[in-house]
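Fold and contact review
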Amino acid sequence: MTPIWYHVRNLDAARDFYTRKLGFSERAHDEQERWATLERGETTIGIAEGEPEDEGAVAHVDVEDVKHVADELRETGVEVGVVVELHGEMRLVDVFDPDGNRIEFAEDVRSSGP
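Residues numbered from 1 in each chain as written. Predicted model: local features only at pLDDT ≥ 70, side-chain atom pairs only at ≥ 80, totals over all residues. Heavy atoms only, no water.

Before going further, it helps to spend a moment on unusual backbone geometry. Residues other than glycine seldom take positive phi values, yet Arg34 does so here, at roughly 65°. Within the fold, Arg34 resides in the loop between β2 (25-30) and β3 (35-40). Even without being a glycine, His87 presents a positive backbone phi close to 50°. (Helix = DSSP H or I, 4+ residues; strand = E, 2+ residues; numbered from the N terminus.)

What follows is the structure, given as structure tokens:
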């Protein structure tokens, strides 16, 4: 899968944030070129040192329980948006890394019973 790339000001801090706070696993990194690729489930992202962009692609991460993920992340100091439900189909929440890059966590609620 082709990763979505984010620019970060500090690669080492970003690698730590994505792996320790957001639960990604590092697949590869190049210390000299200052980039890394990470994955969580089916989602692959790349991070490279540089000036973060105001608007860009948004990584989509499927999870079992968005509300639970949002609560856990808030407890660890991660900037988390409001959980939104789209017509009984999807529950979504935006999370922001320290450089303002947006990651969307999503839960398919269609299969959930009442």
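Read on for the rest.
The next thing to look at is the environment of Glu39. Within the secondary structure, Glu39 is located in strand β3. Residues Glu39 and Tyr18, spaced 21 residues apart in sequence, show a C-alpha to C-alpha distance of 9.3 Å. Other than its neighbours up to four places away in sequence, Glu39 contacts Gly23, Phe24, Ser25, Arg27 and Thr44. (Contact = heavy atoms within 4.5 Å.)

In this section: the pairing of strand β9 (residues 102-108). Counting buried positions along β9 gives five out of seven residues, so the element sits mostly inside the fold. With four bridges joining them, strand β5 (residues 59-62) and β9 adopt parallel strand pairing. By the bridge assignment, His60 is partnered in β9 with Glu104. Examined bridge by bridge, strand β8 (residues 90-96) and β9 share seven bridges and lie antiparallel to one another. Each residue of the ladder has a partner; that of Val93, found in β9, is Phe105. (Buried < 20%, exposed > 50% of the residue type's maximum accessible area, 1.4 Å probe, protein only. Pairing = 2+ DSSP bridges.)

On to the sheet that holds β3. Read from one edge of the open sheet, four strands run β1-β4-β3-β2, paired in mixed fashion. If you trace the sheet from one side to the other, it starts and ends with β1 (4-8) and β2, each paired once. Sheet twist, expressed as the average angle between the axes of neighbouring strands with direction ignored, equals 20°. Of the strand pairs in this sheet, β3 and strand β4 (residues 43-49) are connected by six bridges, and their pairing is antiparallel. Its bridge partner being in β4, Arg40 is matched across the sheet by Thr43. Where helix α1 (residues 11-21) meets the sheet, it contacts β1, β2, β3 and β4, and its direction lies at approximately 160° from that of β4. (Axes fitted to C-alpha atoms, helices over the stretch in contact; angles between N-to-C directions.)

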